[in-house]
Amino acid sequence: MMSNRMSWISIQHVYKQFGKQEVLKDINLEIKEGEIFGLLGPSGAGKSTLVKELAGLDVPTSGENLIFGEKMPSLKLMKRIGYMAQADALYEDLSANENLHFFASLYGLKGKIKKARISEVMQIVDLSGHLNKLVSNYSGGMKRRLSLAIALLHEPEMLILDEPTVGIDPVLRKSIWEAFYNLNRNGTTIIITTHVMDEAEKCDRLGLMRDGELIAVGTPEALKNETKTGSIEQAFLVYGGA
Amino acid sequence: MRVIALTKRILQQLIHDKRTLGLLIFAPILVLTMLHLVFNGDDYVPKVGMVEIPEAIVEQIDMTEAEVTTYNDESEAEKALVAGAVDGYIVLNGGSPAVFLEGSDPTVNSATISWIHSTFGEMQQGGNADYLEVDYLHGSSDMGSFDYFGPVLLGFFVFFFVFIIAGVSFIRERTTGTLERLLSTPIRKWEIVMGYVFGFGIFTIIQSTIIAWYAIYVLGMMMVGSFVHVLLITLLLALTALTLGILISSFANNELQMIQFIPIVVIPQIFFSGLFNLETISDWLSWVGPFTPLYYAADALRDVMVRGHGWHEIYINLIILLGFSLVFMLLNGLALRKYRKI
C-alpha cells in the first residue's frame, strides 16, 4: 500500500564535503508521504548534515534533494516543513509565549489563528500551564517539548526532527511519541534522527547510517529478517560489517 | 511582517534584560558625568618660586592665580624644586629673567609658564598697555575642554555600546542555535538584517535622546545648534555601529572574541575623531581617519553643538554615515550566506 504513495522526499546522489572531509557519500533515498522515517546511526554518521539539507539550511556539494517534487533549498518549500534542531534554539530570556508568538509570526500566522495554534501546540506537548514562564526557568525536558511545539505551529506537512528525545525521561518520551503518532495519523510525514536503537523500532522505515554512508534501508522487521538477527542493534552490526 | 516580528522580539529581549538596559543608558551617563567633573574642575594653580626679585616687583604681582614663595638664593629654590614644593622658579640673571621648571608634567609646565608670561609681560609693558581684545567666531572664552571633547565622546559612547550589544546579541543568536532555527523558517536574509536594524534602531533613538539630553541640559555641555540635528547624527552613527557590530560578530565565535575586537575596531576610531588634532597625527596613520564612521559623526556633532551649523553643513557627513551602514548591511547579507545559501 505504501509503495503507491507519492515520494515526498527524493535524495539523489548527494555528496557533502567540509574541506577534505567527506560527510555524506552518495546518499540515495526516497521517503514517502505519511511515513515515519528514522535515520539511525552513531554521532558523526552524517544524520544531522543530511536533515539540515532537507530543512534547507545546507546544500549538497553534488547531487540534489527534492522535496514535494521540488528542489531544495526553497523558501516556498520551507513554509511546508517544520524543523527541530538538535540544540533547543529558544530565546531563554523570553517567555514561552513570546517565543511562540515570534516564530508563529515568522510563518505568517496572525491574530486569533495564531493564538489558537499556540494553545493547541502547547496542549500537544503538555505545557499549557507554563505558557508565561521564562524559558530560562524551564527544565531540559520542557525546553525540548517547547522546541517541538514551535516546530508544529504552522501545521507543517512534513516534520524534520533532529534527535527530538535526547535527554528526555522514558515517560515523557512515550508521550512525545504518542504525539508523533497522532500527527502522523493526520497525514504528517515525519523524518526523525536518533541513535537510540529501541526508538528506531517505532519508525515505519529506517535508514541506517555510518561514516556518511546509508548502509541499509527498510522496515525494522525487514532489516532484522534480512540479517537473521533479533534486534536493530544486531542488524546494524551486521550491515556495518562487524 | 516578519521584520516587525523580529523588531518586536529584540525589544522584548532588551526589556527583559534590565541590567543590559541599565548599562546602555546609565554607563554613558556615568562616564560623561565623570568626564565633566574631570575637565571642568578648577584650573591648576602653579606654585612659583621667586629668587632675588626686588620687593617692589613682588608687591605688584597678582597672587590669586599662583602660590608665590620667595627665596634668597638660587640653591634654596632648587632644593624646593627637587622636594616638589614649587613647580618652577624665576631668577633675575643680571636683569633678564630666567625660568627653571620641574618639568615632568606638561600640564603643570604650561600652567606655570603661562602664569609667568602673563604676570611679567604685563609688568614690562608698564601695567597699562592696551589689552589685546579677542573675539570668537565660534565658542567663547568660557568654553572648556569638556565642551570641545563632549560632542566626540557623546558619539563615541553611543557607538561603543551599540556595537557591543548588537554584536553580542547576534553572536548569541548563532551560538544558541536560534539563528539556524530562524533560517529554517521562510524568513529572508535581508529581513533578519532589517529586523535587527529596526529593533536596535528604536532602542537607540531612546538611548541617544536620554544621553544627549543629559549631557546638554544637565551637564551643560556647549550646545549652539539644534537638538534634532544632534539626534539625527547619533542615530545614523548608531546605525553604523549596529551594522558593523553584527558584521564583526560573524568573525567571532563567542562573546569574548567579540570583546577582543574593541581595541582593533572601536578604540582606534577615537584617535581620528578630532579628540586629537588631526593635522598633527603622523602621515603614516592619518589616512585611516576617513575610513572610520566616528570621524564623520564627531565632525558633524561638533559642527552642530559648538559651531551652531545646520543641515547644510552636516548633510555630507550624514550621507557618508548612511553609506557606511548600507555597505555593512550588504556585507551582512553576504555573511549570512554562510548559514543558508538562499
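Everything numeric here is computed off the predicted structure, so don't read it as measured data.

Our next topic: the pattern of salt bridges. All names here are of chain A. Inspection of the entire model under this criterion finds 19 salt bridges over all chains. A salt bridge links arginine 144 to aspartate 88; the nearest nitrogen and oxygen atoms lie 2.7 Å apart. Placement of the pair is arginine 144 in helix α5 (residues 140–152) and aspartate 88 in the loop between β6 (81–84) and α3 (96–106), with a sequence separation of 56 residues. The salt bridge partner of glutamate 155 is arginine 117, with a shortest N-O separation of 3.9 Å. Of this pair, glutamate 155 sits in the loop between α5 and β7 (158–162) while arginine 117 sits in helix α4 (residues 111–124), and the two are 38 residues apart along the sequence. Where salt bridges share partners, they join Arg117, Glu120 and Glu155 into one cluster.

Looking now at the sheet that holds strand β3 (residues 36–40) of chain A. All names here are of chain A. In spatial order, the strands read β6-β7-β8-β3-β9-β10; together these six strands make up an open sheet with mixed pairing. Only two strands of the sheet have a single partner each, and these edge strands are β6 and β10 (213–218). Taken pair by pair, the neighbouring strands of this sheet meet at an average axis angle of 15 degrees, ignoring direction. Direction of pairing for β3 relative to strand β8 (residues 189–194): parallel, over a ladder of five bridges. Its bridge partner being in β8, glycine 38 is matched across the sheet by isoleucine 192. Sitting on the sheet, α5 is in contact with β6 and β7, with an inclination near 165 degrees to β6. Helix α6 (residues 170–185) contacts β3, β7 and β8 of the sheet and is inclined by roughly 150 degrees relative to β8.

Right, let's talk about a nonpolar patch on the surface for a bit. Residues and elements named next belong to chain B. On the surface, Leu232, Trp311, Tyr315, Ile316 and Ile319 cluster together into a nonpolar patch covering about 490 Å² of accessible area. Ranked by residue count, the leading element in the nonpolar patch is helix α14 (residues 311–335), at four residues. Take leucine 232: it is sitting in helix α9 (residues 227–249).

Take the pairing of strand β2 (residues 21–32) of chain A next. Residue and element names in this part refer to chain A. The pairing of strand β1 (residues 7–18) with β2 spans eight bridges and is antiparallel. By the bridge assignment, glutamine 17 is partnered in β2 with glutamate 22. As consecutive antiparallel partners, β1 and β2 are separated by two residues, and within that stretch glycine 19 has a phi angle of approximately 65 degrees, a positive value.

Here we take up the interface of chain B and chain A. On the chain A side, the residues contacting the 24 residues of chain B number 29 residues. Counting each side, the surface lost to burial between chain B and chain A is near 2,600 Å², with a carbon and sulfur contribution of 65%. Viewed at the interface, chain A and chain B are joined by eight residue pairs in polar contact (both at pLDDT 80 or more). No other element matches helix α1 (residues 2–16) of chain B, which puts seven residues into the side of chain B that touches chain A.

The subject of this paragraph is the pairing of strand β1 (residues 47–51) of chain B. All names here are of chain B. Of all five residues making up β1, four are buried, and the element is well covered by its neighbours. As paired strands, β1 and strand β2 (residues 67–71) are joined by five bridges and run parallel to one another. Among the inter-strand pairings, valine 51 is bridged to a residue of β2, identified as tyrosine 71. Note on the crossover from β1 through helix α3 (residues 55–60) to β2: the handedness is right-handed. As judged from the four bridges shared by β1 and strand β3 (residues 88–93), these two strands associate in the parallel manner. Paired with valine 48 across the two strands is glycine 88, which belongs to β3.

All names here are of chain B. Following both chains from N to C, one finds helix α8 (residues 189–218) and α9 inclined at 135 degrees, their axes separated by 9 Å at the closest point. By the angle class used here, α8 and α9 are oblique. Note on packing geometry: the crossing formed by α8 with α9 is right-handed. Taking contact as the criterion, the partners of Tyr196, Val197, Phe200, Gly201, Thr204, Ile205, Ser208, Thr209, Ala212, Trp213, Ile216 and Tyr217 in α8 are, on α9, Phe227, Val230, Leu231, Thr234, Leu235, Ala238, Leu239, Leu242, Thr243 and Ile246. Here the contact of α8 with α9 is composed, by residue class, of 16 nonpolar, six polar and no charged.

All names here are of chain B. Taken together, Glu52, Asp73, Glu74, Glu76 and Glu78 make up a surface patch of like negative charges. Among the secondary structure elements, aspartate 73 is positioned in the loop between β2 and α4 (74–83). Classification of aspartate 73 as partly exposed rests on a relative accessible area of 32%.

Reading guide: rules and limits
- Residues numbered from 1 in each chain as written.
- Chains lettered and ligands numbered in written order.
- Predicted model: local features only at pLDDT ≥ 70, side-chain atom pairs only at ≥ 80, totals over all residues.
- Heavy atoms only, no water.
- Salt bridge = Lys/Arg side-chain N within 4 Å of Asp/Glu carboxyl O.
- Helix = DSSP H or I, 4+ residues; strand = E, 2+ residues; numbered from the N terminus.
- Pairing = 2+ DSSP bridges.
- Axes fitted to C-alpha atoms, helices over the stretch in contact; angles between N-to-C directions.
- Contact = heavy atoms within 4.5 Å.
- Patch = residues over 30% accessible without salt bridge, like charges linked within 9 Å, V, L, I, M, F, W, Y side chains within 5 Å.
- Areas by Shrake-Rupley, 256 points an atom, 1.4 Å probe, with all protein chains shown as cover.
- Buried area = accessible area lost by both parts, 1.4 Å probe.
- Polar contact = N/O pair within 3.5 Å; in protein donor to acceptor, adjacent residues only side chain to side chain.
- Buried < 20%, exposed > 50% of the residue type's maximum accessible area, 1.4 Å probe, protein only.
- Right-handed = clockwise from strand over helix to strand, strands pointing away.
- Parallel < 35°, antiparallel > 145°, perpendicular 65-115°, else oblique.
- Left-handed = near helix turned anticlockwise from the far one by under 90°.
- Nonpolar A, V, L, I, M, F, W, Y, C, P; charged D, E, K, R; others polar.
- Lys, Arg positive; Asp, Glu negative; His and termini not counted.
- Charge placed at Lys NZ, Arg CZ, Asp CG, Glu CD.

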